[in-house]
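# Fold and geometry: a report
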Amino acid sequence: MNAERLSSELSLDDVLDVLANRYRRRLLLTLIDQNDQDDDTQGPGDVTIEDEELNLPKIQMVHTHLPKLEDMGLIEWNRDSNEVKKGPKFEDIRPLLESMRDHDNLPDGWF
């Protein structure tokens with residue numbers, strides 16, 4: 001993980017870059033409902049990269065999207081078990097994700 005990036009604030013450009021990809025948006029939106037109190041990475045709130053909802057080739061998720069999200073501190077990714085949970089900076093992006101999720105008039109295909 002890039003320590004310099006984790007110590008700095010997420011810029012609007014960083015956030016928009018992350019959200020520019022549909023699969024990263026869907027993964028982050030899925031994590032909103034993950035139970036923060038559950039430290040067990042095997043818990044039902046965890047997202048795995050095999051999640052059918054993501055409908056993305058595993059190689060693209062593993063080599064592009066998950067590393068980018070992890071590098072920015074938005075997720076923590078266990079490569080051995082392929083489990084994903086919220087990272088230390090997830091709360092920085094949560095208000096925007098919730099606003100997107102809860103908005104009724106967004107065009108189809110945005111998620």
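Below is a summary of the structure that appears in this document. Values in this document were obtained by computation on a predicted structure and should not be read as measured data.

## Description of the environment of Lys 86
- Considering the arrangement of structural elements, one finds Lys 86 in strand 3 (residues 83-86).
- With 58 residues separating them in the primary sequence, Lys 86 and Leu 28 have C-alpha atoms 8.3 Å apart.

## Some details on the nonpolar core
- Counting 21 residues, the largest nonpolar core has Leu 28, Leu 74, Ile 75, Ile 93 and Leu 97 as the members making the most contacts within it.
- Where this core is concerned, the elements lending two or more residues are helix 2 (12-19), helix 3 (22-31), helix 4 (58-71), strand 2 (75-78) and helix 5 (90-102).
- In contact with Leu 97, not counting residues within four places along its chain, are Leu 19, Leu 28, Leu 29, Ile 32 and Phe 90.

## Side note on helix 3
- Of all 10 residues making up helix 3, 7 are buried, and the element is well covered by its neighbours.
- Buried residues of helix 3: Arg 24, Arg 25, Arg 26, Leu 27, Leu 28, Leu 29 and Leu 31, and no others.
- One side-chain oxygen of the residue at the start of helix 3 lies 2.8 Å from the amide nitrogen of Tyr 23, identifying that residue as Asn 21.

Thresholds applied
- Residue numbering note: each chain is counted from 1, following its sequence as written.
- Whole-chain, interface and lining totals are the exception, using all residues; otherwise, since this is a predicted model, local features are given only for residues with pLDDT of at least 70 and side-chain atom pairs are given and counted only at 80 or more.
- Derived side-chain values reflect all non-hydrogen atoms in the structure, with water molecules and hydrogen atoms excluded from consideration.
- Secondary structure elements follow DSSP: runs of H or I of four or more residues count as helices, runs of E of two or more count as strands, with numbering from the N terminus.
- Side-chain atoms within 4.5 Å are what join buried Ala, Val, Leu, Ile, Met, Phe, Trp, Tyr and Cys residues into a set we call a nonpolar core.
- Type-normalised accessible area, obtained with a 1.4 Å probe on protein chains alone, sets the label of each residue: buried when under 20%, exposed when over 50%, and partly exposed for intermediate values.
- Contacts: residue pairs with any heavy atoms within 4.5 Å of one another.
- Two N or O atoms count as a polar contact when they lie within 3.5 Å, although within protein this holds only if one can serve as hydrogen donor and the other as acceptor, and sequence-adjacent residues are included solely when both atoms are side-chain atoms.

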